[in-house]
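In case you want the letters, here they are:
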Amino acid sequence: PEHPIAFSPDGKWFAAAGAGLTLYDAATLEVRWREPNVPFGVFAFSPDGRRLAHALPPRASDAAHGVRVIDLTGSPFPVVRDFAFTYENGTTAMT
């Protein structure tokens, strides 16, 4: 099977989807972050290469969909921010 892969615009990182989503240091091939619970390969780097966003699966309990944004400049690495969009009342939640 084919697995999506993407390089950050600055070439410092690359992300690969397979059994989850894994972020690698492109120079050392060191795994810097792994999320095993990403069931599909929908992800992208920001144009400046400082963030990686990936889609979260829908939650059946509240019909929400989300996007996780990983700040690759964070210390300790990485800082993770979750965004959730609900369709029932048009609100946006950020945690």
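Refer to the structure above for everything that follows.
Residues numbered from 1 in each chain as written. Predicted model: local features only at pLDDT ≥ 70, side-chain atom pairs only at ≥ 80, totals over all residues. Heavy atoms only, no water.

S.K.: Teacher, can you tell me more about the side chain of aspartate 71 here?
M.R.: Mapped onto the secondary structure, aspartate 71 falls in strand 7 (residues 64-71). In this structure the side chain of aspartate 71 is engaged in a polar contact, spanning 2.5 Å, whose partner is the side chain of threonine 73. (Helix = DSSP H or I, 4+ residues; strand = E, 2+ residues; numbered from the N terminus. Polar contact = N/O pair within 3.5 Å; in protein donor to acceptor, adjacent residues only side chain to side chain.)

S.K.: Sorry, what's going on with the environment of glycine 20 here?
M.R.: In this structure, glycine 20 sits in strand 3 (residues 20-25). Exposure remark for glycine 20: the relative accessible area of 6% places this residue in the buried category. A sequence separation of 14 residues divides glycine 20 from arginine 34, and the C-alpha atoms of the two residues are 7.3 Å apart. (Buried < 20%, exposed > 50% of the residue type's maximum accessible area, 1.4 Å probe, protein only.)

S.K.: What is the right way to look at unusual backbone geometry in this model?
M.R.: Trans peptide bonds make up most of the peptide bonds, and negative phi angles are found at most residues other than glycine. Although it is not a glycine, leucine 29 adopts a positive phi angle of roughly 65°. Mapped onto the fold, leucine 29 is located in the loop between strand 3 and strand 4 (31-35). When its relative accessible area of 55% is taken as the criterion, leucine 29 is described as exposed.

S.K.: Can you walk me through the sheet that holds strand 2 (residues 13-18) in this structure?
M.R.: Backbone-to-backbone hydrogen bonds pair the strands of a sheet. The strands run either parallel or antiparallel. Strands sit in the order 1-2-3-4 across an open sheet of four strands; the sheet is antiparallel. Two strands lie at the open edges of the sheet, namely strand 1 (5-7) and strand 4, each paired on one side alone. Averaged over neighbouring strand pairs, the angle between their axes works out to 15° when direction is ignored. Direction of pairing for strand 2 relative to strand 3: antiparallel, over a ladder of six bridges. (Pairing = 2+ DSSP bridges. Axes fitted to C-alpha atoms, helices over the stretch in contact; angles between N-to-C directions.)

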